[in-house]
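Observations on the model geometry
The primary structure of each chain is shown beneath.
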Amino acid sequence: MTEEPRESGRVRITSPLSSAPAHVRSTVGQEIDEATGVGEVYMQSLIRSQLRAAATVTITLLLTVVSLPLVFSWVPGLNDSRVLGIPVPWLVLGGGVHAGLILLGWLYVRHVERVERLFALLVEPGDTLS
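1. Regarding the overall build of the chain
A count of helices and strands for the chain gives three helices and four strands. Listing the helices and strands of the chain from first to last along the sequence gives β-α-α-β-β-α-β. Here the chain, with 130 residues, has 16% of them falling under the buried criterion. Counted over contacts in the chain with a minimum sequence separation of 6, partners at least 24 positions apart contribute 68%. Here the chain displays about 10,800 Å² of accessible surface, and carbon together with sulfur accounts for 63% of that area.

2. Overview of the side chain of Ser-49
For Ser-49, the position within the fold is in helix H2 (residues 37-74). The exposure class assigned to Ser-49 is buried, which follows from its relative accessible area of 13%. Not counting residues up to four positions away in its chain, the partners in contact with Ser-49 are His-111 and Val-115.

3. Digging into the UniProt feature "transmembrane region" (unreviewed entry) in the chain
Using the residue numbers shown here, the UniProt feature "transmembrane region" (unreviewed entry) corresponds to residues 53-75 and 87-109. In residues 53-75, helix accounts for 96% and strand for 0%; the two terminal C-alpha atoms are 32 Å from one another. Span residues 87-109 is 96% helix and 4% strand, its end C-alpha atoms 33 Å apart.

4. Points about unusual backbone geometry
Residues other than glycine seldom take positive phi values, yet Leu-84 does so here, at roughly 55°. Take Leu-84: it is sitting in the loop between strand S2 (82-83) and strand S3 (86-87). The exposure class assigned to Leu-84 is exposed, which follows from its relative accessible area of 84%.

5. So, a nonpolar patch on the surface
Taken together, Val-66, Leu-70, Val-71, Trp-74 and Val-75 make up a surface patch of nonpolar side chains, about 480 Å² in accessible area. Along the chain, Val-71 turns up in helix H2.

6. A closer look at helix H3 (residues 88-123)
Between the first and last C-alpha of H3 there are 51 Å, a value that for 36 residues agrees with the 52 Å anticipated at 1.5 Å per step. In H3, a bend of some 25° at Gly-96 exceeds every other bend along the element. Restricting attention to buried positions, one finds in H3 the residues Val-88, Pro-89, Leu-104, Val-112, Val-115 and Phe-119.

Definitions and cut-offs
Residues numbered from 1 in each chain as written. Predicted model: local features only at pLDDT ≥ 70, side-chain atom pairs only at ≥ 80, totals over all residues. Heavy atoms only, no water. Helix = DSSP H or I, 4+ residues; strand = E, 2+ residues; numbered from the N terminus. Buried < 20%, exposed > 50% of the residue type's maximum accessible area, 1.4 Å probe, protein only. Contact = heavy atoms within 4.5 Å. Areas by Shrake-Rupley, 256 points an atom, 1.4 Å probe, with all protein chains shown as cover. UniProt positions renumbered as here; feature names shortened; annotations may be inferred. Patch = residues over 30% accessible without salt bridge, like charges linked within 9 Å, V, L, I, M, F, W, Y side chains within 5 Å. Salt bridge = Lys/Arg side-chain N within 4 Å of Asp/Glu carboxyl O. Expected span 1.5 Å × (residues − 1). Bend = angle between axes of the 7 residues up to and from the residue.

Now the structure itself:
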C-alpha cells in the first residue's frame, strides 16, 4: 500500500466579488429615492420637524384664544374700558388676535422654509454618505 503525498501549505480562497469596491458611496437623495433605512430616517426627520412646528403654532394659537375670555372675565372693569370710543375687548379680539395670527403664520413659514432649505442642501447630489 503506497501512501499518497499530502499537500502542505496554505490554500487561497477567493470570492468572485473580490474586485468589487469595499464601500459604495451613495448620496442622500439616492437613499431617499430607493427608500432605504437611511432615507426613511431622513424623511421621518423632516416630517417630524414640520409636525413639531405646526403643533407649536397650533398650541400657541389655542392657548392665546382660549385665555382671552378668561382674562376678560377675571380683570374687573376691562369689559367696560374703551379706547377712542371702542371697547377694549373688541380691539384685542379684532386687532390683537389678527396681528398675532399673522405673526404666528410668518414665523411658521419662515421656520418651515429654513428646514426645507437645509433638507434640500442635504439631498443635493454633491453630498455623499460615508
